[in-house]
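Here is what each chain is made of, one letter per residue.
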Amino acid sequence: MPEGPTIVLMKENLQKFVGEKIIEADGSEISEVHNVKGQVLREIKTFGKQTYLIFDTIIFKIHLLMFGSYSLYKRKDIDTLRLGLTFKDGGMYFYTCSVKIVDESFLKKIDWEADVMSNDWNPEKTEKVLKENPKMMICDALMNQDIFSGVGNIIKNEALFRVGIHPESLIGNLPPKKLKEIISEARNYSFDFKKWKKANVLSKHFQIYHQKNCPKCGAEVSKKDTGKSKRTSFFCKNDQKMY
């Protein structure tokens, strides 16, 4: 599933169509009851792993899920088109993904301060929420989109390795300094992720995710399904302390 930085990069690619009018609309999620032709794309917003295309009277919520993709300018020759919007100078096409129509009231309910890549990101608020869940494992907290919107398994693993925290550590056992470190690193690594993803060198910078040996001590990297979500964690027993 694409993580927040990948979605931000997609938004940057789609941004060229803001202000343009829809010439044609196609896809399995386009209903005859929704008249989208002629509407102008007013704004694109992202929240974690979700994208919102905001038009005059309609808002599309797009989630790429596990295997979703998109193309610009030309439609791919595949039969999984969920939403295709053609403009004067090209188009945007989304495949094998979730497309829903929402209204402005839906957007108003979103806690934009939970998005780790947003200018509205509020680390103090995040710290408060974490302290209210002392028995939650830090691996579960990082994957909770209501707390760290946009963080996925890569960011989770790499951020925890950077600050030396075992993924199964309980939030309530983390020293205050370590709690602040992981909150900051979730955001810091997300921006590194975006930079490396844009340069097509992301995997070359993995230190712990899907690695065989720890780059610090050389020990074999442990692999385990952790937390309530049972998502795979990669960690070093020597360099990541269990709290």
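Here is what the cut-offs are and how they apply
- Residues numbered from 1 in each chain as written.
- Predicted model: local features only at pLDDT ≥ 70, side-chain atom pairs only at ≥ 80, totals over all residues.
- Heavy atoms only, no water.
- Helix = DSSP H or I, 4+ residues; strand = E, 2+ residues; numbered from the N terminus.
- Buried < 20%, exposed > 50% of the residue type's maximum accessible area, 1.4 Å probe, protein only.
- Contact = heavy atoms within 4.5 Å.
- Axes fitted to C-alpha atoms, helices over the stretch in contact; angles between N-to-C directions.
- Parallel < 35°, antiparallel > 145°, perpendicular 65-115°, else oblique.
- Left-handed = near helix turned anticlockwise from the far one by under 90°.
- Salt bridge = Lys/Arg side-chain N within 4 Å of Asp/Glu carboxyl O.
- Pairing = 2+ DSSP bridges.
- Expected span 1.5 Å × (residues − 1).

Draft legend 1. Quick look at the side chain of T126. Secondary-structure assignment places T126 in helix 3 (residues 123-131). For T126, a relative accessible area of 5% puts it in the buried group. Every residue in contact with T126, bar those within four places of it in the chain, is listed here: W121, I147, F148 and I183.

Draft legend 2. Geometry of the packing of helix 1 (residues 4-14) against helix 6 (residues 176-198). Close contact between helix 1 and helix 6 brings their axes to 8 Å; oriented N to C, the two are set at 55°. One element, helix 1, and the other, helix 6, form an angle in the oblique class. Along this stretch, helix 1 crosses helix 6, giving a crossing that reads as right-handed. On the side of helix 1, the interface is formed by P5, T6, V8, L9 and E12, while helix 6 contributes S190, F193, K194, K197 and K198.

Draft legend 3. Molecular detail of the pattern of salt bridges. With the rule as written, the count across this model stands at 15 salt bridges. Between K125 and E113 there is a salt bridge whose closest N-O contact spans 3.3 Å. A residue pair is termed long-range when its members are at least 10 positions apart, and K125 in helix 3 and E113 in the loop between helix 2 (104-108) and helix 3 qualify at twelve residues. As a salt-bridge pair, K131 and E127 come within 3.1 Å of each other at their nearest N and O atoms. In this pair, K131 and E127 both sit in helix 3, four residues apart, roughly one turn of the helix. Under the relative-accessibility criterion, E127 is labelled buried at 11%. Here the salt bridges do not stand alone but share partners, grouping R162, E185, D192 and K195 into one network.

Draft legend 4. Here's a closer look at the pairing of strand 2 (residues 43-47). Sheet topology places strand 2 next to strand 3 (residues 50-54); five bridges connect them, and they run antiparallel. Residue pairing across strands places K45 opposite Y52, the latter belonging to strand 3. The antiparallel hairpin formed by strand 2 and strand 3 contains two residues in its connecting segment, where G48 sits at a positive phi of about 65°.

Draft legend 5. Inspection of helix 6 at higher detail. Over its 23 residues, helix 6 extends 34 Å from the first C-alpha to the last, a length consistent with the 33 Å expected when each residue adds 1.5 Å. Among the residues making up helix 6, those that are buried are K178, L179, I182, I183, E185, A186, Y189, S190, D192, F193, K194 and W196. Those residues of helix 6 that are buried lie in contact with helix 1, helix 3, helix 4 (138-143) and helix 5 (153-163). N200 sits one or two positions beyond helix 6 and adopts a positive phi of about 60°.

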